[in-house]
Structure formats: C-alpha cells, structure tokens
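What follows is the residue order along each chain.
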Amino acid sequence: MAKLFRMNENRPAFYKSEMIDQYENDFRQFPPMNHIGYSMSYITYELKQTALHRRVDHVDMLLARQKLEHYLDQYVKKYGGDRQAYQEGLEKIWPNLEQRMLKHPAVYKYVMDFATRSPSLLNFMSWVPCSETMENAFGYGYNIAEEYGPLSPTDVAFYWSLREPVLSGIRQRVCYAQGEIGRLMQPILRGERKEKLRILFVGAGRAPELRRWGYPTEFLLQQEVVAVDEDRGVWSNIDFLFQQVHGKIVKELGIQYYNMSFSEFMRNGNWNGYFDLIIANGFMSYYQDEMQTLHMLRGLRSLLKVGGRLVMDLQLLHVSLLRCKFALDWNTNPPLSPDVTDKGAEKRIREACQKVGFDVCDAQLLRTDLRPKSPKIGMVFTLERPGDWAD
C-alpha cells in the first residue's frame, strides 16, 4: 500500500490531494490489528451459538435497543445534535437491523461491541452492502440522522474505517485506477494529445474514483466519462455526493451514466473500440466460471481502442470476508466468488487473457494495511489491448 501513496505523489500538482498523506499518517497512528483473531472471534461465536441452538431472542433485542437509546442520549449531551432526528433515524433502520440480528448471533454481537458506540457505524450496518456504505472507506459517511460528513476521529467508526480490510481494499483499488488515469493524462498536460480521454467505469456505483483524492471539476468537464451500473439505488444520492465535491450534479459534469446491466450495455455496438481506459473495480470477482470470465473479458476488450487499458481487481478469500458474512450479514446478488490464493488468481487471469487477446501489463497484490507482510486481500490487474491480435 505504501507504493500506492508514493505513486499518487507523482500526480500533477493541481489535483494532488492532502488526503494521501493524511491517510498514511492515520494508519501509522494506530497499532496494527490482528485481523485473524479479530475475525475468528465473530465466526466462532456464530458457529458456537448456532451449534448450541442459542439464537438471539427478543429479550436480547430489548437489551440492544436500551443500549442504543442510552448511547444516543450520551452522544447528544457530549457532542450536540438533534436527538429527535437520531431517534427518527433509529426507528427507520431498526426493523432491518433487528431482523439481521435475529438471523445472525454475530451481527448482534457486532452491534453490541461497536455499533452501540457510533451513530455512523450503526447506520453502516443497517445499509450494508449497499454501495453508499463504501463512503466509509474514505472517512466519510451518514449517521442515523442521515447527516453526511467526515467521520470524527473521536468516533469508533473512524478507526474502523481505516482498519476494516474490505474498506482498505476499496481505497487501494481507487488509488490504482486513479494512477492509470494520471498516466493517460500526461500527454494531455504536455500538449501532445488534443482529443478527450474516453473513460468507462463498469460497476461504477457512486464513482468514488471521480470524487476522492482531489480530481478537479475541470478534469471531468474536459474528458468523456461514461459509467454503467445496474443498481438503481445509486440515484438515491449520487447527485448529492458529486455536489459535495464538485458543486455540480452528474449530468452537469457531462458524465453519461447508464443504469443497466453490463451485458445490456455491451449489446450496444456504438461503443466498440471506443475507450482509452476501462475501470472495472469490484466487478470481476463475481465471475469464477471460466466461460463467464472469458465472456466478460472479451466484452471489455471489444470496447477498448487498440492500446487501450483495463484496470480490474479480484478479491482473495480471507478471514475478514467470512467475518463480514456473519457479523455484518454482508451478502450480494450475485454472490461474491473470491479466489482462494493470489497465485491461483493470477494464473487464472493470465490464461484467460491469452485466450481473449489481452496483454497483462501489471499485477499487484492488495494487503490489509501498510505492513509488507500483512494479509493479502486482493489483486489489481492492468491489461492492454494489443494491436497484433487477429480479431
């Protein structure tokens, strides 16, 4: 991860962000987390409670509710805020949260351990895995009063957002994507290229790559940016999130956002050979089957110009993902299919690239934190469409 911070230091000065250095400092302030022990405590709790038929009941729900009410009272007294707005937010999220706690004992334990000490983390747990919860990866989020802003260092969610491996992986993927955009910008900055960059975001969600770490509004207005995601929930607040950073909504920035599946987008032949760069963060880990992988890679390749690049990632199976399944009830549709090992993931992608006509320019590991031997949580690949491949 240290390489990511150094790589982003080489960006043009007008969009270099202080957040890069700030995040590195924040990481170093806290002691390393024992992710295996931390995650296993919730996994074993879930398995033990289930094996002994000790399910969470409505008495437990009453205790959790009382603890939350008491915490909100103390929070408002200490930090201020609208207690009624917090109460209304709690009433809104409680049915879903209660259902999840009754389903998974580990969710109940996680709420009691952490969420009863953070109005932001409580809201996160009620929404996960909705993509708007990924704001926490960048130190921002909504509290249960639906107020958006930076996480306070006094909030347990601040430390949690820095150390949670899934969120750490998101930050690293965004860094790699922005590094590749920065590479493509160099000829424009030197006056060697006059035409706009054509960039496609697949599985774009709320497009954190375009809102985090200092991308200026002028950059977006000068390029051609296309995004596609079938999650219709993104429109609940994507304009609000872009306004917070750029002062403009998505349409005003010239971003073409298509609310459809990628398969439907691919069937539109107008995009063939069109893009300089495709960013597919959090997309290919849903396709483990070889035929699906080949189909998706062929489709992505067909949209690129000769010499165009694809930045994509794969998630690796690690204990934190299993803990998220139990302690956060983190389930997606379709289900996530992480690779078991980094060597297996790299071998699988290299073999697929040989079959569909991609050159592998780079393959980098993602880790839980800055330590060089910290657990592996994913891989990022940079692929290029060569000019010597017979289509």
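Details of the structure are given in the entry above.
Now for a description of the structure that goes with this document. (Residues numbered from 1 in each chain as written. Predicted model: local features only at pLDDT ≥ 70, side-chain atom pairs only at ≥ 80, totals over all residues. Heavy atoms only, no water.)

## Topic: the environment of Leu 220
Secondary-structure assignment places Leu 220 in helix H10 (residues 217-222). Judged by its relative accessible area of 2%, Leu 220 is buried. Measuring from C-alpha to C-alpha, the distance between Leu 220 and His 246 comes to 9.4 Å, with 26 residues separating the pair along the chain. Setting aside residues up to four positions removed in sequence, Leu 220 forms contacts with Leu 210, Val 225, Phe 242, His 246, Leu 253 and Ile 255. (Helix = DSSP H or I, 4+ residues; strand = E, 2+ residues; numbered from the N terminus. Buried < 20%, exposed > 50% of the residue type's maximum accessible area, 1.4 Å probe, protein only. Contact = heavy atoms within 4.5 Å.)

## Some remarks on the sheet that holds strand E6 (residues 275-280)
Strands sit in the order E5-E4-E3-E6-E7-E9-E8 across an open sheet of 7 strands; the sheet is mixed. Unpaired on one side and paired on the other, strand E5 (256-258) and strand E8 (359-367) mark the two borders of the sheet. The average undirected angle you get between the axes of adjacent strands in this sheet is 15 degrees. Here E8 pairs with strand E9 (residues 376-384) via 8 bridges, running antiparallel. Looking at E9, one finds that Asp 359 is bridged to Glu 384. Contacting strand E3 (198-202), E6, strand E7 (304-315), E8 and E9, helix H9 (residues 165-189) crosses the sheet at an angle of about 145 degrees to E8. (Pairing = 2+ DSSP bridges. Axes fitted to C-alpha atoms, helices over the stretch in contact; angles between N-to-C directions.)

## Regarding the packing of helix H13 (residues 290-302) against helix H15 (residues 342-356)
For the pair H13 and H15, interaxial distance at closest approach is 10 Å and the crossing angle is 55 degrees. Here H13 is positioned oblique relative to H15, judged by the angle of their axes. Helix-helix and strand crossings are classified by hand; for H13 and H15 the assignment is right-handed. In contact with Glu 290, Thr 293, Leu 294, Leu 297, Arg 298 and Arg 301 of H13, H15 contributes Arg 348, Ala 352, Lys 355 and Val 356. Per-class residue counts for the contact of H13 with H15 are 4 nonpolar, 1 polar and 5 charged. (Parallel < 35°, antiparallel > 145°, perpendicular 65-115°, else oblique. Left-handed = near helix turned anticlockwise from the far one by under 90°. Nonpolar A, V, L, I, M, F, W, Y, C, P; charged D, E, K, R; others polar.)

## Observations regarding the side chain of Arg 100
Following the sequence through the fold, Arg 100 ends up in helix H5 (residues 83-103). Within the structure, Arg 100 has its side chain in polar contact with the backbone oxygen of Asp 329 (distance 3.4 Å). (Polar contact = N/O pair within 3.5 Å; in protein donor to acceptor, adjacent residues only side chain to side chain.)

## Some points on H9
Count 3.6 residues to each turn of an α-helix, and residues three or four apart come out pointing the same way. The terminal C-alpha atoms of H9, which comprises 25 residues, lie 35 Å apart, in line with the 36 Å expected from a rise of 1.5 Å per residue. The buried count for H9 comes to 19 of 25 residues, which makes it a mostly enclosed element. Two residues or fewer after H9 comes Gly 191, characterised by a positive phi angle close to 80 degrees. (Expected span 1.5 Å × (residues − 1).)

## As for the pairing of E7
Buried residues dominate E7, accounting for 9 of its 12 residues. In the sheet, E6 pairs with E7 via 5 bridges, with the strands oriented parallel. Looking at E7, one finds that Ala 280 is bridged to Met 312. The parallel pair E6 and E7, bridged by H13, forms a crossover whose chirality is right-handed. Judged from the 7 bridges that link them, E7 and E9 form a sheet pairing that is antiparallel. What sits directly across from Leu 314, in E9, is Met 379. (Right-handed = clockwise from strand over helix to strand, strands pointing away.)

So yeah, pure geometry; function would need other evidence.
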